[in-house]
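Read off the chains here:
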Amino acid sequence: MSTKRTRAKETRTVAIEIDHRTVRCAEGVPVLRAAELNGVFVPSLCSHKDLSSFGGCRLCVVEIAGMRGYPLACSTIVQEGMKILTDTATLREMRQEILQLILSEHPSSCLMCDEKEACRESVHTVRKAGVSTGCRYCPNDDQCELQTLAERLGVTDIHYPVYYRGYEPEHDDPFFDRDYNICILCGRCVRMCQEVRGTSVLAFKYRGSKTQVGPAFGRNHVEAGCEFCGACVAVCPTGTLAEKASKWDGKPDGSEVSTCPFCTLGCQIDVHHKAGRLSKVHAHLDPEINDGQLCVRGAFCVPEVTHNHGRARKPILKRGRYFREVSWPEALGEVASRLQGLKPEEILMVVSPDLTNESLYAAQKFIRSCLKSNSIDSTARWALPGGPGVWADLFSLPISIKSVAHADSIIAVGLDSRFSFSVAGVEIRRALREGATLVTIDARHSNLARYTKHWLRPHPGTEGSVLRALTERLVAGGRGHVSPAAIDETGIDKWAFERAAEALASGENLAVIVGPTAFALDANLDLAKALLRLGGRETTTVLPLFQGANTRGALELGVLGELLPGLERAKGRRVSLADLLEGRAKPKVLYLVGESPFFERPECDFLIAQDIYRPPFEVDAFLPAASFAEAEGTLTNVEGRVQQLVKIEDLADGAVTGYARPDWFIFGALAEKLGRAGPQPKNAGQILKEIGTKVAGFPASPDRRPRRLQLSTRIPWEKARSDYREPGEYRLILEPGGFRHRGIDMSLAVEGLSELALEEGFRFHPDDLDELGIGSGDKVVLGVSDLEVSGPAKADPDCPRGTVWVYRPFAYGGIPQRANLAPLYRFGASLFNVTVSCPGASHAEGAEPQVSAGGGGEP
Amino acid sequence: MKTLETQRAHAVQAWNGLQNSARPVVYVGAGSCGLAAGAAEVVDSVEGYLAKKRIGADILKVGCIGPCYLEPLVDVQMPGNPRISYSNVTPGVVGELFDSFFEKGEMFRRHLVGHFGKNGFRGAPKFFEHPMLERQVRIVLRNCGIIDPENVDHYLALDGYKAFEKCLSMRWSDVLEIVKNSGLRGRGGAGFPTWRKWLVCRETKSDTRYLICNADEGDPGAFMNRSLIEGDPHAVLEGMLIAAYTMGASKGFVYIRAEYPLAIKRLKSAIVQVQELGLLGRGILGSEFDFDISIKEGAGAFVCGEETALIASIEGKRGMPRTRPPFPAVEGLWGKPTLINNVETLGTLPNIIRNGAEWYSQYGTETSKGTKTFSLVGKLRRTGLIEVPLGMTVRSVVYDIGGGSIKGFKAVQTGGPSGGCLGEEFLDTPIDYETLGAAGSIMGSGGLIVLDRNTCIVDTTKYFLNFTQAESCGKCVPCRVGTRHLANILERISQGKGEVVDLARLERLALAIKGGALCGLGQSAPNPVLTSLKYFRDEFLSHITDKRCPAAVCRDLVHYRIITDKCTGCQRCVKVCPTGAITGPRSEPHNLDMSKCIKCRSCYEICRFDAIAGDAIVIEPGA
């Protein structure tokens, strides 16, 4: 599409001479890159392929004929006929001298130690030390670029006194520790944070020998707006920055390329493993999606979610008042006997949209062919507001993550990419660096708003109308008529709208990214119509984002009861999740697969939970499922790519490793017990092959090509919900948030996530709080219909006046503290008005018990 | 065009009126040097005097006229008389001085420096024949201390903005030709030919070009740029207009450190005045030339005087240099061609344009043309701001202008922390770019710090290295780590813990930094070490081998002694000694116990200034 610029660059080459060897390389690249591409090693500690040249470490000095002094390979651009020497005696001496200077500021006792060889042979344990004083006490031992370079340049002694900076190592922020005593100030992290991530959290502070890296003005990382994407950790050549979870794992044995199991972007990750266990995750340099970038979930949460001590790893049955760990045959026997002879509407299976394609397919096949029922449902439905019809149409559009970076104009609607979909944010900022125009449509401030002059701030819930109006302008080439009344209704300044439309119109390639918040706020039908209109054009890329890692797979593979795999209409009676929640149906057996969208045990005779963690209420049978690290499979991302999830941990069953089984395997085993099906699949590949033959358009093996959904018959759209308004002067907005994976909120398993200040409580504009006479932190009571909910108030200048914002877990369950808000959830995603009262003590106390009652403890 | 003409006519009238004023006029030197010496109080007391005596007189606050050591300077101009200058006029002197003029009607004889008249006046010397001023050639400083810097009329009356008007009537290439022929070189330090920088900038294709006036004067002991802006801000602005017209800039910035509040104030008011005259904005004076000037206040980082760091700072980034090329003239501020000239370079331009290239090039040497301002400071009889033709010898500057050192000349440090110390053997060296460079120092922006025999070279070098290592931006290893090691080795030597091999270490490291550092500041940071080692090796060696500081400065290498013959036993020193090292009964010579002495210098100071005998305590080399 718009790769003209880069293509033009790549085609022209120049001839240069490196170390008396004539080579050709692309025009405009630095000497360092040219040397690297031609297999010539030039030492450097501060350069990085994604970052601008810095020239700080001074190790890449070279000699170039006709140039004064010793130019730097990293910042000198190749020119036709350049004669470069990279390895002369003078250069070697200079590099040694400079490396010694670097090492005189870096604890390197063991690097220079006489006992080094012996030490390596006999000492195998990494010392876990609070402070790194030498290689064996450094989390980066054996993986350190400085170490490698010292060996390669033959530095065995330092002529200078060694300084120790004496900073206190920083362990306070979540996810990664920082010990700036061993920092060499190469500035990679600073540039990564500024240039690639666009967050500018990290900076250099102070001068001279006191120069240090960190957020300016003494703030901590959370306050400074850190996304905790881990990009700085990944580029650090030393052990200064180290993941808390894997800090002392030592050098990994190897790594596998896998797919991040946490969201629908499907970023590619390098999963490092040590002694058969998953150790840490780095972003894979995959040019298709994330190109070396991740978000906080991908970068830090993978090991902790699968290794948390709270993992349930053994089958459990309820026996009387007790829960017993039992063997698989016993558990399967019990479950099978309960499933025997049920009528179609006596069972309901609820499936998580985080499961692999194989497990999703196996789940619906189990329900439909073994139990002859259509009573299968999924919270994927909640992740796709507007209904399957809308989303089936959206998935028929060409969706591309990568094209965002090549767009000239970008519209971002309801997207905050700080902790979720960060990679989309990075792509947007890549485009902005190339001069693209960004328009954000967002009722609240988002982390993208700071990059644009065009922040359209409509009333919450009218984002769709604004996008539709913009669409009219863009599609009709600026002549499209937009009624001023329509703009007025959204609360946007007419001129701001005109300026934004004008700014967008100049672009050739348009990208529209819509975050889950926008879809959730009553705007979904308008949004979808606008996206369909825009997405139909060749020059436009759309990227509708939603929760759940495999939600698209869930839609395509038939875990919504009314749709079969391939989005065919299902016939037959069924019970849905909504029926259960709204009390219209009472199935006898409830089978929760990786999902527990309840705060309390739902009413049923027999409750089966199959997950990696136990749900926060009593179940009758628990079947331990294998996590993403322990099972193979595929995930379908938003673009329709079917990407591989690699089995990293293949450890024998045991007391510690547990007895977890892949979801699809459990369904097969149950089917065998029930005796109602033929031979069961032996591995995930077989299932995918079956999917390939049964489902039109779905690949039979992992296929990373983006795929548009091919619909034989269009699924009709559901009717728009009528705007449900209660009397009340404040508009309540339940913003989908949280870090859900399968049945839990990840912040329960990953300590760092719970520190990320996803403020609990009701957020008001400070002026509103003043008007109400409520202080930040005071208890307020929200009243709607006949119910009242209380919680602390919080001043948040980003909220529009007259609104109350609350984070709503996308699929509830998860954090017990949120249980007191549960009554609100029955209103679903819609916006509604509430009354706000500052408690007289009686009100507040009336609501208090709800918190503890709903909260529950550990089951 | 008309408004400027009428304004100038009006200005000339006003200026002449002032010269032949029927009312008395009082000029007070109120630049930073004057203010530091108490000019603000002097102004108050002058105003008080005039109000009390109900005398109608004008008070003019002028900039620095040069001999800062004489501040506060107050000039009195009685009707019909020339302006007469008085030095060290404290508020206490004001009454006497004015009584003499207003009550007795006669010229005050004490504190007299000189008069500004063309002919003799009642036997008073001429001001510009004062030994400090006699040998100076004031071109860029011509208005400093003469005019009211906040009154644009004064500048206009003295041919202000005529040079710019002249430029507007010429093609840019012709202006460039004049500057080229004048031989003007950058006054910021490196001495790059000004015209060539302009041409590169002009010839780089771009829709926008920027001009930056570098007023981030950061060398310790340097104040030329500050004084010029404080004393004659319009000269700098006119220079900017000329430069911008010639190299095609449409936007100018003055990057000035926030520690110069008075200069910033003067500059701001000057910009407003110039805007009112229609000399800034679109279509200036009816031409097609558009130009605007903004002030960017720097937070006071030494490194921001480096061109690329300065640009980063204006862009809102951390002031850190980047590798060159690309040079700012090709790719500078926001990626556009950017010309960065020093305050003095710009301030000189109007004079060159007005008087022609030949006139300017008559001053100076073959390769270094024109004049250069210096802040002449240190151990000298006469200190202050001077402007001399390039090529003048060090001796002339130090002895003729500066009056020499009381304790004997030892060395002169040129170019601040990037320059070097030159000893007695350089006294007859002409001051120009090439000669100073060949000696291992640099011209720099114009700091001349004179050291006398009581100054220790090791200590001075240590001072400069501590400065550069603290001011290093921290980006590149040689500068950040290397200067720290240099400073620490010097510290060791000054403590008497040095080894002979340290000298080789210093040299080796200094050369590594010179060759390996990223920016000009890093590359020149070791210059003080290298020159001192070259010219004052003996002094280093005596610190190392004899454990002796010949100048008796390095604390660990000196001892204190009471000269018993001189000591009257006044007990002042006994009272101030914090450790009880000095003992003795009243009226008898005291005794100093060196084992208790912590060398705090209290007794020495009190004996010098406050004791009955005075100078009975001496600091001597050797621990």
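Predicted model, so just to flag it, every value in this text is computed and none were measured. (Residues numbered from 1 in each chain as written. Chains lettered and ligands numbered in written order. Predicted model: local features only at pLDDT ≥ 70, side-chain atom pairs only at ≥ 80, totals over all residues.)

A. Here's a closer look at the overall build of chain B. The secondary structure content of chain B amounts to 25 helices and 18 strands. For 623 residues, the compact-globule estimate of 2.2 N^0.38 gives 25 Å, and the C-alpha radius of gyration of chain B, at 27 Å, lies within 12% of that figure. The principal-axis extents of the C-alpha atoms in chain B amount to approximately 80 × 70 × 40 Å. By residue count, 54% of the 623 residues in chain B fall in the buried class. In chain B, of all internal contacts separated by at least 6 residues, the share reaching a separation of at least 24 is 72%. (Helix = DSSP H or I, 4+ residues; strand = E, 2+ residues; numbered from the N terminus. Rg over C-alpha atoms; globule rule 2.2 N^0.38 Å. Buried ≥ 20, exposed ≤ 12 C-beta atoms within 10 Å, placed from the backbone. Contact = placed C-beta atoms within 7 Å.)

B. View of the overall build of chain A. Within chain A, the secondary structure is distributed over 26 helices and 35 strands. The globule rule puts the C-alpha radius of gyration for 859 residues at 29 Å, and the 29 Å found for chain A is close to it. Once the C-alpha set of chain A is aligned to its principal axes, its extents read approximately 85 × 70 × 60 Å. Scored against the burial criterion, the 859 residues of chain A give a buried share of 52%. Contacts in chain A between residues far apart in sequence, at least 24 positions, make up 72% of those at least 6 positions apart.

C. Just the packing of helix 15 (residues 463-475) of chain A against helix 17 (residues 494-505) of chain A, in detail. Residue and element names in this part refer to chain A. Axis separation between helix 15 and helix 17 bottoms out at 10 Å; the angle between their running directions is 45°. As judged from the angle between their axes, helix 15 and helix 17 are oblique. At the point where helix 15 passes helix 17, the crossing takes the right-handed sense. Contacts from Leu470, Arg473 and Leu474 of helix 15 reach helix 17 at Ala501, Leu504 and Ala505. (Axes fitted to C-alpha atoms, helices over the stretch in contact; angles between N-to-C directions. Parallel < 35°, antiparallel > 145°, perpendicular 65-115°, else oblique. Left-handed = near helix turned anticlockwise from the far one by under 90°.)

D. Just the confidence of the model for chain B, in detail. With 100% of its residues at a pLDDT of 70 or more, chain B shows a mean pLDDT of 91. We note a pTM of 0.88 for the whole complex and an ipTM of 0.88 for its interfaces. (pLDDT = per-residue confidence, 0-100.)

E. How the structure looks around the sheet that holds strand 16 (residues 409-413) of chain A. Residue and element names in this part refer to chain A. Strands sit in the order 18-17-16-19-20 across an open sheet of 5 strands; the sheet is parallel. One side of each edge strand has no neighbouring strand; the edge strands of this open sheet are strand 18 (454-456) and strand 20 (540-544). The average angle at which neighbouring strand axes cross in this sheet is 15°, direction not considered. Note: strand 19 (residues 510-514) against strand 20, 5 bridges, orientation parallel. Its bridge partner being in strand 20, valine 514 is matched across the sheet by proline 544. Those strands touched by helix 14 (residues 422-433) are strand 16, strand 17 (437-441), strand 19 and strand 20, and its axis lies near 150° from that of strand 16. (Pairing = 2+ DSSP bridges.)

F. Broad picture of helix 6 (residues 188-196) of chain A. All names here are of chain A. Most of helix 6 sits out of view: 7 of its 9 residues are buried. Every buried residue belonging to helix 6 is among Arg188, Cys189, Val190, Arg191, Met192, Cys193 and Val196, and all of these are buried. Glycine 198 sits one or two residues past helix 6 and shows a positive phi near 70°.

G. Here's a closer look at the packing of helix 3 (residues 89-103) of chain A against helix 19 (residues 477-494) of chain B. Two elements in contact, helix 3 of chain A and helix 19 of chain B, have axes separated by 9 Å at closest approach and are oriented at 65°. Comparing their axes, helix 19 of chain B and helix 3 of chain A come out roughly perpendicular. The interaxial crossing formed by helix 3 of chain A with helix 19 of chain B has left-handed handedness. Facing Ile98, Leu101 and Ile102 of chain A of helix 3 of chain A, the residues of helix 19 of chain B in contact are Val477, Pro478, Val481 and Gly482 of chain B. Its residues placed into classes, the contact of helix 3 of chain A with helix 19 of chain B shows 6 nonpolar, 1 polar and no charged. (Nonpolar A, V, L, I, M, F, W, Y, C, P; charged D, E, K, R; others polar.)

H. Region of the structure containing the domain arrangement of chain B. Segmentation of chain B into domains returns domain 1 (18-133), domain 2 (152-359), domain 3 (371-452), domain 4 (457-544) and domain 5 (555-621). Relative placement of domain 1 of chain B and domain 4 of chain B: their C-alpha centres are 47 Å apart. (Domains from an automatic or database assignment.)

I. Spatial organisation of the interface of chain A and chain B. With 24 residues of chain A at the contact, the number on the chain B side is 23 residues. Contributing elements (two or more residues each) for the side of chain A that touches chain B: helix 3 and strand 6 (203-205) of chain A. Tallying contributions element by element places helix 3 of chain A first for the side of chain A that touches chain B, with 5 residues.

J. Focus on the domain arrangement of chain A. Residues and elements named next belong to chain A. Partitioning chain A into structural domains gives domain 1 (316-384 + 550-694), domain 2 (389-544) and domain 3 (730-855). Placing the centre of domain 1 and that of domain 2 at their C-alpha centroids yields a distance of 37 Å. Facing 7 residues of domain 1, the contacting portion of domain 2 comprises 7 residues. Residue composition of the side of domain 1 that touches domain 2, by class: 4 nonpolar, 1 polar and 2 charged.

K. The arrangement of the sheet that holds strand 3 (residues 63-64) of chain A in detail. All names here are of chain A. Across the sheet, 4 strands lie side by side as 2-1-4-3; this open sheet has mixed pairing. Pairing within the sheet leaves two strands with one partner each, and these edge strands are strand 2 (21-26) and strand 3. Inspection of the sheet shows strand 1 (residues 13-18) paired to strand 2 by 6 bridges, in the antiparallel sense. Opposite threonine 13, over in strand 2, you have alanine 26 as the bridge partner.

L. Just helix 8 (residues 296-307) of chain A, in detail. Residue and element names in this part refer to chain A. Over its 12 residues, helix 8 runs 17 Å from end to end, which matches the ideal 16 Å to within 8%, given 1.5 Å per residue. Within the sequence span of helix 8, burial applies to Val296, Arg297, Gly298, Ala299, Phe300, Cys301, Val302, Pro303, Val305 and Thr306. Turning to helix 8, the residues buried within the fold contact strand 8 (241-243), strand 10 (268-274), strand 11 (277-283), strand 29 (740-741) and helix 23 (751-754). (Expected span 1.5 Å × (residues − 1).)

M. Examining the pairing of strand 25 (residues 621-624) of chain A more closely. All names here are of chain A. Here strand 25 shows two buried faces, one formed by Ala621 and Leu623 and the other by Phe622 and Pro624. Here strand 12 (residues 316-319) pairs with strand 25 via 2 bridges, running antiparallel. The residue bridging leucine 317 from the neighbouring strand is alanine 621, located in strand 25. Bridge count between strand 24 (residues 606-611) and strand 25: 4 bridges; the pairing is parallel.

N. Summary view of the pairing of strand 20 of chain A. Residues and elements named next belong to chain A. The element strand 20 is extensively covered by neighbouring structure, given that 5 of its 5 residues are classed as buried. Burial of strand 20 is two-sided: the residues Thr540, Val542 and Pro544 facing one way and the residues Thr541 and Leu543 facing the other way are all buried. Handedness of the strand 19-helix 18 (residues 516-535)-strand 20 crossover: right-handed. (Right-handed = clockwise from strand over helix to strand, strands pointing away.)

O. Layout of the nonpolar core. All names here are of chain A. Judged by nonpolar contacts, the single largest core of 418 residues is most densely connected at Ala363, Val404, Ile410, Ile513, Leu543, Ile608 and Val804. Counting residues per element, this core draws most heavily on helix 18, which supplies 11 residues. Once you skip the residues sitting within four places of it in the chain, valine 404 turns out to touch Ile410, Ala424, Glu427, Ile428, Ala431, Ala511, Ile513, Thr541 and Leu543. (Core = buried A, V, L, I, M, F, W, Y, C linked by C-beta atoms within 7 Å.)

P. Local environment of the environment of asparagine 143 of chain B. All names here are of chain B. Tracing the chain through its elements places asparagine 143 in the loop between helix 5 (131-134) and helix 6 (152-157). Residue classification places asparagine 143 among the buried residues on the basis of 25 C-beta atoms within 10 Å. As a C-alpha pair, asparagine 143 and cysteine 479 span 336 residues in sequence and 40 Å in three-dimensional space. If we skip the residues at most four places from it in the chain, asparagine 143 touches Tyr155, Leu158, Gly231, Asp232 and Ala235.

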